[in-house]
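Architecture and fold: a report
Residues per chain, in single letters:
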Amino acid sequence: MTGWRDGPRSRWVLPACLGGFLLVWILLVGWIFPEIVARAYSGEGFERLGGLMSGRDRIGLDEYLGDLATNGLRVSLMLGLLVLISLGWAAKGLGVTDPWLEPAPVRDLAVVRVVAVGLQLGLLLWPGVPNASLSADPTYSGFLASLSTDAYQPILALKILLPGIARPGPDLLLAIWFSCVAGCVLGVIGLGGRIPLLIAAWSTSTLVAHAYSYGEYHHPEALHGVALWLVALAPSCAAFSIDSFRRRTRLARMSSGFSPSAALRSPHARWPLTLLGLLFAMTYFDAAIEKLLIGGVSWFGSGTLGYHIAVDATRWGISPGMWLAQHAGALGPMSYMAWGIEFFFPLALVLSLAAPILVAAAIAMHVGIWVLHGPPFLQHILLVGLPFQQQMRAARDRWFPRRTGLRVLYDGHCDLCIRSVCALETLDVSGRLAFVDLEDGALAREIPEVDRIDAVSWMHVVDDRGTVWRGFFAFRRLARGMPALWPGLPLLYAPLSGHFGPRIYDLVARRRSRRGCRVHVQVAGRSDL
Amino acid sequence: MSTGFLLDRFCQGLPVIVVGDEWKGKLSMNESLPPRSVSSRTGRTLALAVVIFGIAAQIAGIALGAGGQFWPFLRYPMYATVGESEFRHQELCVFTETGSHSVSAWDLGIPTFRYLGLLRGLGADGPAGDRGRARVALVVARAFEPGARIELWEAAYEMGPEGLVDAKPGWDRMRVWEAEGPDPQTEPQASGRRPISSRHLPRSGQCGSGSR
């Protein structure tokens, strides 16, 4: 597979360039930067750099050089990771820009939007989720704003997001919280395009940056914040949204036909997913190398994991953690597993079959941390799999072949039918529905047991066993197969629903005929226009 | 290509970047894109600029971002330290005429993380410990009442070969001092008694169980 200016050779250009950059960086950090730092330490060379060394009177040069070497090593390892990933992509035949701009299903990006924005909405409205995001709690933001001035040290992000405001007060923070709720509500349902998404991303980032400015650092909020900006910048409302439903309905009317959007793809659905996946990979990889840099090989001793669990579990009163901390013999292998998940997670970007395994392992690790320690990486649990939807679909189809799903018959020349089909498609998150136009001659050939006139009068659904469902029962069958409609299942399957449901359906169907369907509808033995 | 058209598409959540000829046949957007589409080069450049910024910022955050200054691009050193043979938890208790209270970060007007650090330092001898205790005395006097008795309690946990030796060890009273009358010129800003959500607090629950 090749893309932009990507011949068989040019796909190796990126790894070669990154490798060259890595070598230059090693040269700089190994030989040139230490010389510059040493000169600045002795008061020579760059005055600005010397000014940054404010603690020269009590901190030795060795410590400065040690920090430089450690941070240089961090960057070198990250660059090395990028070299390896780009090599993996090149070995798979992907061109330089293929991993970023090759068209991808817009539905995948829309799923990221729904989950990331919906998660933020949940955190805002139900801050009772233990410590998942203190910044989303308006009470806590107000508390921070009431603290003494010396507790407030605005970080760079807050200065950028709230330019010209020295220190946000409780009223401003509450207003930002309300705007965040509004943006998230509209963003989840996909109404209003990018504007609500941008508001949600800005206000979320502002609230978190505000909390960080008081020293409240929580890692789970970081990549969630990035994800919100990515879905705001990319065309994430192109599916699973009211906007896309209205747009597709309008286009179907204009073109007098409905075409399924399952195959709708865009190059701008690819790069946000790849970037988010890469950022997850980099952060996990960093967590692995930090353990080596700070703890060294001693970190793998059997006591380390037990110690961390014990500290958190006793502080927060977590019974499972306290129990496990007292039976720490089993935790030695778990240390290796946790580190292995973090270190090898980047493989998910280059090995399609490894992605679902690594995602599942990462989720299990976060759930374990939550249950045993207390830090709730809810954001990571919900988001880590989203950049790898395509790989997980491929693995699912390979390991658990699915049956065909549900076929919905519709009248391609009926406005209301097209609207209904567009609505169903918008809600079909699992992608189980296929749509068959009654005007298509293939109907009689593929589903001979369905009468065309009958199908015009009532909704018809054919399941993967060939069973034909009609009217209310067809709708009920659809609801069972569509997760978005599951909240309505108790009503649809309530006692006597089989008696009253068809009558209500017929009532609606009769009204349908008066709303513009061009066909004569046969309902309960009578004909209505 | 007009700026208004691009802005309109952007606000509607539609792609504003249209790829060039090499993607013909691969792209099946059913959007009514006009033939006068945006330059593919510009589009790619914008998308890749965001990508490069994201990657570079994450690397910078990992290299320089200790302390969250570069949020949302952070270093991830969670649980990277090596296990130790023991650890301690502290709890601050205030005894007033009305009863005993467990002092929270909210009471003292300190973010949770700083509060935990402050607790660790309150038991120390020397000027640093004295400063911390004096600060707490001022804030407690305002948040509770002047003259209230402040006690710092501590539990020591021991890690053995099989893990945590005792999940509920005894608590020891480490320090006792009194809340002083607040000086309006110098007192730290305390938040006063607020409704406290228990999810923000450690759960040792030592206060009120009597001295040991």
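All values reported here derive from a predicted model rather than from experimental measurement. (Residues numbered from 1 in each chain as written. Chains lettered and ligands numbered in written order. Predicted model: local features only at pLDDT ≥ 70, side-chain atom pairs only at ≥ 80, totals over all residues. Heavy atoms only, no water.)

Comments concerning the overall build of chain B
Note the cut-off: In this description a helix means any DSSP run of H or I spanning at least four residues, a strand means any run of E spanning at least two, and both kinds are numbered starting from the N terminus. Contacts between residues were defined by any pair of non-hydrogen atoms, one from each residue, lying within 4.5 Å. In these tables, accessible area is a Shrake-Rupley quantity obtained with a 1.4 Å probe, and a residue counts as shielded only by the protein chains included in the view.
The secondary structure content of chain B amounts to 5 helices and 5 strands. In sequence order, the secondary structure elements of chain B are arranged as α-α-β-β-α-α-α-β-β-β. Put simply, 64% of the contacts in chain B that link residues at least 6 apart link residues at least 24 apart. Counting only carbon and sulfur atoms, one obtains 54% of the accessible surface of chain B, whose full area is about 10400 Å².

Describing the confidence of the model for chain A
Operational definition: On a scale of 0 to 100, pLDDT captures the predictor's confidence in every residue.
A residue-level look at chain A finds 91% of positions with pLDDT of 70 or above and a mean pLDDT of 86. Residue range residues 519-529 of chain A is modelled with pLDDT below 50. Its contacts to residues more than four positions away, or to other chains, number 24 contacts.

Looking at the packing of helix α6 (residues 138-145) of chain A against helix α8 (residues 170-189) of chain A
Residue and element names in this part refer to chain A. Here is the rule we go by: Interaxial angle, 0 to 180 degrees, is taken between N-to-C directions of lines fitted to C-alpha atoms, where a helix line uses only the stretch in contact. Our angle categories are set so that under 35 degrees counts as roughly parallel, over 145 as roughly antiparallel, 65 to 115 as roughly perpendicular, and the remainder as oblique. Whether a crossing is left-handed or right-handed is set by the direction in which the near helix is turned from the far one by less than a right angle, anticlockwise for left-handed and clockwise for right-handed. Any residue outside Ala, Val, Leu, Ile, Met, Phe, Trp, Tyr, Cys, Pro, Asp, Glu, Lys and Arg is labelled polar, Gly included; the first ten of those are nonpolar and the last four are charged.
Look at α6 against α8: their axes get within 9 Å of each other, and the N-to-C directions meet at 155°. Relative to α8, the element α6 lies roughly antiparallel. As α6 runs across α8, the sense of the crossing is right-handed. Along its contact with α6, which presents Pro-138, Ser-141, Gly-142 and Ala-145, the element α8 presents Pro-170, Leu-173, Leu-174 and Trp-177. Here the contact of α6 with α8 is composed, by residue class, of 6 nonpolar, 2 polar and no charged.

Overview of the nonpolar core
Heads up, the rule is: Residues grouped as a nonpolar core are buried Ala, Val, Leu, Ile, Met, Phe, Trp, Tyr and Cys residues, joined through side-chain atoms within 4.5 Å. To sort residues, take the accessible area from a 1.4 Å probe on protein chains only and compare it with the maximum for the residue type: under 20% means buried, over 50% means exposed, and anything in between is partly exposed.
In this structure, A:Trp100, A:Phe345, B:Ile55 and B:Trp71 are the most contacted members of the largest nonpolar core, which totals 119 residues. Sort the elements by how many residues they give to this core and helix α12 (residues 271-295) of chain A lands first, with 13 residues. If we skip the residues at most four places from it in the chain, B:Trp71 touches A:Ile155, A:Ala157, A:Ser205, A:Val208, A:Ala209, A:Tyr212, A:Glu221 and A:Ala222.

So, the interface of chain B and chain A
Put simply, the test is: Salt bridges are identified by distance alone: a Lys or Arg side-chain nitrogen within 4 Å of an Asp or Glu carboxyl oxygen.
Counting residues at the interface gives 78 residues for chain B, matched by 105 residues for chain A. Linking chain B with chain A are 0 salt bridges. Taken together, the elements giving at least two residues each to the side of chain B that touches chain A come down to α1 (3-11), α2 (40-64), β1 (86-96), α3 (105-108), α4 (112-122), β3 (149-160) and β4 (163-164) of chain B. No other element matches α2(B), which puts 13 residues into the side of chain B that touches chain A.

Some thoughts on the sheet that holds strand β5 (residues 460-462) of chain A
Residue and element names in this part refer to chain A. Selection criterion: Strands were regarded as paired on the criterion that DSSP finds at least two bridges between them.
Spatial strand order, β4-β3-β5-β6: 4 strands in an open sheet with mixed pairing. Looking at strand neighbours, the two that pair on one side only are β4 (433-437) and β6 (468-470), the edges of this open sheet. On average, each strand axis in the sheet is inclined to that of its neighbour by 25°, with strand direction left out of account. In the sheet, strand β3 (residues 406-410) pairs with β4 via 5 bridges, with the strands oriented parallel. Within the sheet, the bridge partner assigned to Leu-409 lies in β4 and is Val-436. Contacts between helix α22 (residues 471-481) and the sheet are confined to β3, β4, β5 and β6, with β6 contributing the most and set at about 115° to the helix.

Quick notes on the pattern of salt bridges
Pairing is possible between side chains that carry opposite charge, provided their charged atoms lie close to one another. In this structure the tally under the stated criterion is 13 salt bridges over all chains. Between A:Asp397 and A:Arg396 there is a salt bridge, and its shortest N-O distance comes to 3.3 Å. Residues B:Arg149 and B:Glu151 are paired through a salt bridge, measuring 2.8 Å at the closest nitrogen-oxygen approach. Through salt bridges that share partners, B:Glu86, B:Arg88 and B:Glu154 make up one connected network.

Comments concerning the packing of helix α11 (residues 242-255) of chain A against helix α19 (residues 415-427) of chain A
When two helices pack together, their arrangement is given by the angle between their axes and by how far apart the axes lie. Residues and elements named next belong to chain A. Running from N to C, α11 and α19 cross one another at 145°; their axes reach a closest spacing of 9 Å. Remark: the crossing between α11 and α19 carries right-handed chirality. Residue-level contacts link Phe-245, Arg-248, Thr-249, Ala-252 and Arg-253 of α11 to Asp-415, Ile-418, Arg-419, Cys-422, Ala-423, Glu-425 and Thr-426 of α19. The residue makeup of the contact of α11 with α19, split by class, is 5 nonpolar, 2 polar and 5 charged.

Overview of the environment of A:Val462
Residue and element names in this part refer to chain A. Residue position: Val-462 is located in strand β5. Distance from Val-462 to Leu-14, taken between C-alpha atoms, is 49 Å for residues 448 residues apart in sequence. Residues contacting Val-462, with those up to four places away along its chain left out, are Gly-405, Leu-406, Arg-407, Ile-447, Thr-467 and Val-468.

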